[in-house]
Amino acid sequence: MDIRKLQKIVVSALEDIKGKDIEVINTTKLTSMFDRVIIATGDSNRQVKALANNVVVKVKEAGGEIISTEGEDAGEWVLVDIGDVVVHVMQPAVRAHYNLEELWQLTPAQRRKLAEPAAGE
């Protein structure tokens, strides 16, 4: 399935269940493992589980394949692996703690530069 079509299906599925702060990150230049990371927030365990489940249902309805899902039991952070797209649905505190947006938006060179001590330290 075309990556743009898959991305649209995932974002739409998250919006259907009122996912918040949906962010799509293009990772094609950062890793060869997948092309997109999509992150969304749910306000409760129940909503996080519902958001992830709706992604699974909508992708399957469109003929896509789900590689795996993880974290459904606890519902604080559910990962849906769709191959070219990895979806993270998280509660606000978990999302703020792990800050995946920063991790996936920095290139390796930018990360190294941030890790270097500033001149004079």
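Residues numbered from 1 in each chain as written. Predicted model: local features only at pLDDT ≥ 70, side-chain atom pairs only at ≥ 80, totals over all residues. Heavy atoms only, no water.

Going by the annotation in an unreviewed UniProt entry, the name recorded for the protein is Ribosomal silencing factor RsfS, with Azonexus fungiphilus given as the source organism. What the UniProt record of the protein gives under Subcellular location (unreviewed entry) is the line "Cytoplasm". UniProt, in the comment section headed Sequence similarities (unreviewed entry), describes the protein in these words: "Belongs to the Iojap/RsfS family." (UniProt positions renumbered as here; feature names shortened; annotations may be inferred.)

Draft legend 1. Up close: the side chain of Thr 41. Relative to the elements of secondary structure, Thr 41 occurs in strand β2 (residues 36-41). Taking the relative accessible area as the measure of exposure, Thr 41 reaches 4% and is therefore buried. Within polar-contact distance, the side chain of Thr 41 engages the side chain of Arg 95 at 2.7 Å. Contacts of Thr 41, omitting those with residues within four sequence positions, involve Gly 19, Lys 20, Asp 21, Leu 51, Met 90, Gln 91, Pro 92 and Arg 95. (Helix = DSSP H or I, 4+ residues; strand = E, 2+ residues; numbered from the N terminus. Buried < 20%, exposed > 50% of the residue type's maximum accessible area, 1.4 Å probe, protein only. Polar contact = N/O pair within 3.5 Å; in protein donor to acceptor, adjacent residues only side chain to side chain. Contact = heavy atoms within 4.5 Å.)

Draft legend 2. Quick look at the pairing of strand β4 (residues 77-81). Burial along β4 is one-sided: the face carrying Val 78 and Val 80 is buried and the face carrying Trp 77, Leu 79 and Asp 81 is not. Relative to β4, strand β3 (residues 68-70) is paired through three bridges, and the arrangement is antiparallel. Directly across from Glu 70, in β4, lies its bridge partner Leu 79. Joining the antiparallel neighbours β3 and β4 is a turn of six residues, in which Gly 71 adopts a positive phi near 95°. (Pairing = 2+ DSSP bridges.)

Draft legend 3. Spotlight on the environment of Asn 53. Along the chain, Asn 53 turns up in helix α2 (residues 45-61). Judged by its relative accessible area of 48%, Asn 53 falls in the partly exposed class. With 36 residues separating them along the chain, Asn 53 and Ile 17 place their C-alpha atoms 10.0 Å apart.

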